[in-house]
Amino acid sequence: MSTSTVEVPEATLKSAAHDYWSKVKAGDIGALPAVLGLLVLCIVFGSMSSVFLTPGNFANLLTQAASVIVIAMGLIFVLLLGEIDLSAGYASGVCGAVLVILITDQGQPWYIALVASIAVGMAMGFGLGTLVARLGIPSFVVTLAAFLGFQGILLILAGEGGTIRVEDETVLAIQNSNLSPTLSWAFYVAASVFYVLLGLSRINARRKAGLKAELFKLWLIKTISLVGVSGLAVFALNLERSNNRELVSLKGIPYVVPVILFLLVIGTFVLGRTAFGRHIYAVGGNAEAARRAGINVKNIRIAAFVICSGLSAIAGLLFASRQNSISPTTGGSSTLLYAVGAAVIGGTSLFGGKGKMRDAILGGLVVAVIDNGMGLLGYAAGIKFIVTGAVLLVSAGVDAVSRRGSAV
Amino acid sequence: MTEPILSLRGVNKSFGPVHVLKDVNLDVHPGQVTALVGDNGAGKSTLIKCIAGIYTPDRGEFKFDGKVVNITGPRDATALGIEIVYQDLALCDNLDIVHNMFLGREVKKGPVLDESAMESLARKTLDSLSVRTVKSIRQTVASLSGGQRQTVAIAKAVLWNSKVVILDEPTAALGVAQTEQVLNLVRRLADNGLGVILISHNINDVFEVADNIAALYLGTMAAQVAKNEVIPRQVIELITTGASAGVEKAGVK
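Anyway, here's the lowdown on the structure attached to this text. Every chain is numbered independently, its residues counted from 1 as its sequence is written. Lettering for chains starts from A, numbering for ligands starts from 1, and both go in the order in which the items are written. Where totals are concerned, whole chains, interfaces and linings use all residues; where local detail is concerned, this predicted model gives features only for residues with pLDDT of at least 70, and gives and counts side-chain atom pairs only at 80 or more.

**Some details on the overall build of chain A**
And then number 1: Helix and strand assignments follow DSSP, with helices taken as H or I runs no shorter than four residues and strands as E runs no shorter than two, numbered in order from the N terminus. For chain A, the count of helices and strands is 16 helices and 2 strands.
And then number 2: Throughout, the radius of gyration refers to the C-alpha atoms, and the reference size of a globule is 2.2 Å times the residue count to the power 0.38. For 408 residues, the compact-globule estimate of 2.2 N^0.38 gives 22 Å, and chain A sits close to it at 22 Å.
And then number 3: Its C-alpha atoms give chain A principal-axis dimensions of about 80 × 55 × 40 Å.
And then number 4: Partly exposed residues are those whose C-beta has more than 12 but fewer than 20 other C-beta atoms within 10 Å; with 20 or more the residue is buried, with 12 or fewer it is exposed, and the C-beta atoms are placed from the backbone. Sorting the 408 residues of chain A into buried and exposed places 42% on the buried side.
And then number 5: By the convention adopted here, residues make contact when the C-beta atoms placed from their backbones lie within 7 Å. Restricting to contacts in chain A with at least 6 residues of sequence separation, those with at least 24 account for 77%.

Below, the structure written as structure tokens:
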């Protein structure tokens, strides 16, 4: 009776390629398109602009992308449910304003201000989530209303002067200062060791349990390329990139990079390794099935909006740090659309149920590279918007087509 | 004959003025497939929803494993070991087979999901049902055929040491070969010692796999008879008219 019926075939590169292809056919294209796209964009811009591939521009690119990436990370929780949060951009503006007002006007230390601004963000998300989950108003409408509302709040908070400056050193350091080159390498080694051990322990655990493990060769290729590329990135960032070396030295990893990697690790853990994360995917895939499985669908929805707006608050901190201030346009104009674009370009589905934390980083870098590269080549803002819009459309198109291919 | 694992006596259920179930009796034996047949509106769905705790009957006695029990909610039914496989399968397309089978009841190590334990247990369950059609249990449900999905839904139901499995028209949307697979699986559930309730409109399926047949007619149990005591024509008469020459009326013993 108990003959082994689900076989454990010996994995090979060929079977791995086959598995990948069946995943593609099932509507999961993975990270490959975004990675290849990023590579192509870097080659194109690198060959056309002498500035693009310099360490200075690279560091600049990372800090430009940072806020959009963090907002996109939050949005992925909401997108996974098949919902949308159009207010995430201005939520970051409002939370940034709360942070800056507490520091500059109230004289609070940065950590108290940060906790308060995240709490404000989570409260805003709770409100949005409650309206969507309990009253059943479509998230598109709720967050469109909030988009206007938050914009108004930000305008009121920014007040007559229009901008509130921030002079707290810690806040400014996040986007404007760097780890020392030695610390940069130490951080790189620690992160790489962490990543390698994590991968090895997973493969080992599965082998011990007698389950089909990821092909070791494939894992090795992926890991070596990731560790190698990030090693190159650290090397480049450790080069002197100051225009005036006598006056100021600029080298090392910007502080914002470890901040984002930390959020990536936490987010990936929550989505991939906890029951809560699993339930988010389940609600996005089939809310009725999730309900019948005993999952509290409403609470999951509310929690996703709370997380989204909470992360927007962190993006607000990054905005305040990069701009040295908060203005009525912080988190406005194209911020939200870039963040949605980043998530979708990275591979997160607008239809829900499909997406990973890393999508925010991959897609956020693609968006930032287009914005940065075209800016260096002297294209007008109008052309940049058109190209970014086209890339987003192509990604959403791929998403929709792959979904249709998997529909039964 | 063995003692019934589940025994219903005099179950009544009304929705406002509509009296849907009238003094329904039903016995489900372990190791047997009990087919529940009846025309649309005969009360099949209401009856299984009462068993599953989704509806609470107005009157009537439930005996489970010889003891009188009170089922007031889905959790009570689950705790007893009663599982329903719904017609619309209640699977998440975007999750893989293991994730679906453990949805809402994940195995955890501390705060972390124990994927290895879940995968091993899922594979053991599929093996025990001799499921041969699924290539990898880590593929998403989106890539499965209708019959394979039904298989996963059934495997999900038997994962939890359940004693009674209710299948709501498991073959309604399937092709010939897949219907055969699922019916074999239904048979195997019973052979593994479970009490199986099979709701079906298809008399051929019923005669192929059931041990006994319970026919509902306008909310009353027309008869519950052993399969080999009746012929398909008699069952169709029971479904359409509530009586058939030569078949004893239920509860008139």
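Resuming the write-up.
**A closer look at the overall build of chain B**
And then number 1: Helix and strand content of chain B: 8 helices and 12 strands.
And then number 2: For a compact globule of 253 residues, the expected C-alpha radius of gyration is about 18 Å, and chain B comes in at 18 Å, within 12% of that figure.
And then number 3: Counting only C-alpha atoms and orienting by the principal axes, one finds that chain B spans roughly 55 × 40 × 35 Å.
And then number 4: When the 253 residues of chain B are sorted by exposure, 49% land in the buried category.

**A word on the sheet that holds strand S5 (residues 67-69) of chain B**
Residues and elements named next belong to chain B.
And then number 1: Judged by pairing direction, the sheet is antiparallel, and its 4 strands sit side by side in the order S2-S1-S4-S5 without closing on themselves. Only two strands of the sheet have a single partner each, and these edge strands are strand S2 (18-28) and S5. When strand polarity is set aside, the average angle formed by the axes of neighbouring strands in this sheet is 30°.
And then number 2: The pairing criterion for strands is at least two bridges between them, as found by DSSP. Pairing geometry for strand S4 (residues 59-64) and S5, over 3 bridges, is antiparallel. Structural elements are reduced to axes, namely lines fitted to C-alpha atoms, with helices fitted over the stretch in contact, and the angle between N-to-C directions of any two is expressed from 0 to 180 degrees.

**Topic: the pairing of strand S3 (residues 33-38) of chain B**
Residue and element names in this part refer to chain B.
And then number 1: Within S3, 6 of the 6 residues are buried, which leaves the element mostly enclosed by the surrounding structure.
And then number 2: In the sheet, S3 pairs with strand S10 (residues 195-199) via 4 bridges, with the strands oriented parallel. Its bridge partner being in S10, Ala35 is matched across the sheet by Leu198.
And then number 3: Here 5 bridges tie S3 to strand S11 (residues 212-217), and the two strands are oriented parallel to one another. In the strand pairing of S11, Gly38 is matched with Leu216.

**What about the interface of chain A and chain B?**
And then number 1: Counting residues at the interface gives 32 residues for chain A, matched by 29 residues for chain B.
And then number 2: Elements supplying a minimum of two residues to the side of chain A that touches chain B: helix H8 (181-208), helix H11 (275-285) and helix H12 (287-292) of chain A.
And then number 3: With 6 residues, H11(A) is the largest single contributor of residues to the side of chain A that touches chain B.

**Some words on unusual backbone geometry**
Residue and element names in this part refer to chain B.
And then number 1: A positive phi angle, close to 45°, is found at Asp23, a residue other than glycine.
And then number 2: Turning to its location among the elements, Asp23 is positioned in strand S2.
And then number 3: Backbone geometry places Asp65, a non-glycine residue, at a positive phi of 60°.
And then number 4: With respect to the element layout, Asp65 can be found in the loop between S4 and S5.

**Overview of the environment of Asn286(A)**
And then number 1: Mapped onto the fold, Asn286(A) is located in the loop between H11 and H12.
And then number 2: Owing to 24 C-beta atoms within 10 Å, Asn286(A) belongs among the buried residues under this scheme.
And then number 3: Among residues more than four places away in sequence, those in contact with Asn286(A) are Leu91(B), Cys92(B) and Asp93(B).

**Considerations on the packing of helix H3 (residues 55-80) of chain A against helix H13 (residues 297-323) of chain A**
Helix-helix packing: each pair is described by the crossing angle between the helix axes and the interaxial distance.
Residues and elements named next belong to chain A.
And then number 1: Where H3 contacts H13, the two axes come as close as 7 Å, and the packing angle between them is 175°. Taken together, the axes of H3 and H13 lie roughly antiparallel to each other.
And then number 2: Residues are grouped as follows: nonpolar covers Ala, Val, Leu, Ile, Met, Phe, Trp, Tyr, Cys and Pro; charged covers Asp, Glu, Lys and Arg; every other residue, Gly included, is treated as polar. Partitioned by chemical class, the residues of the contact of H3 with H13 number 16 nonpolar, 6 polar and 1 charged. Orientation labels follow simple angle bins: below 35 degrees gives roughly parallel, above 145 gives roughly antiparallel, 65 to 115 gives roughly perpendicular, and whatever is left gives oblique.

**Quick look at the environment of Thr220(B)**
Residues and elements named next belong to chain B.
And then number 1: In this fold, Thr220 is placed in strand S12 (residues 220-226).
And then number 2: For Thr220, a count of 21 C-beta atoms within 10 Å corresponds to the buried category.
And then number 3: With 199 residues separating them along the chain, Thr220 and Leu21 place their C-alpha atoms 6.2 Å apart.
And then number 4: Among residues more than four places away in sequence, those in contact with Thr220 are Lys22, Asp23, Val24 and Gly242.

**Some thoughts on helix H9 (residues 216-238) of chain A**
Residue and element names in this part refer to chain A.
And then number 1: By definition here, a helix of n residues has an expected span of 1.5 Å times n minus one. The end-to-end C-alpha distance of H9 is 32 Å, a good match for the 33 Å that 23 residues give at a rise of 1.5 Å each.
And then number 2: Within the sequence span of H9, burial applies to Val234, Leu237 and Asn238.
And then number 3: In this structure, the buried residues of H9 make contact with H3 and H8.

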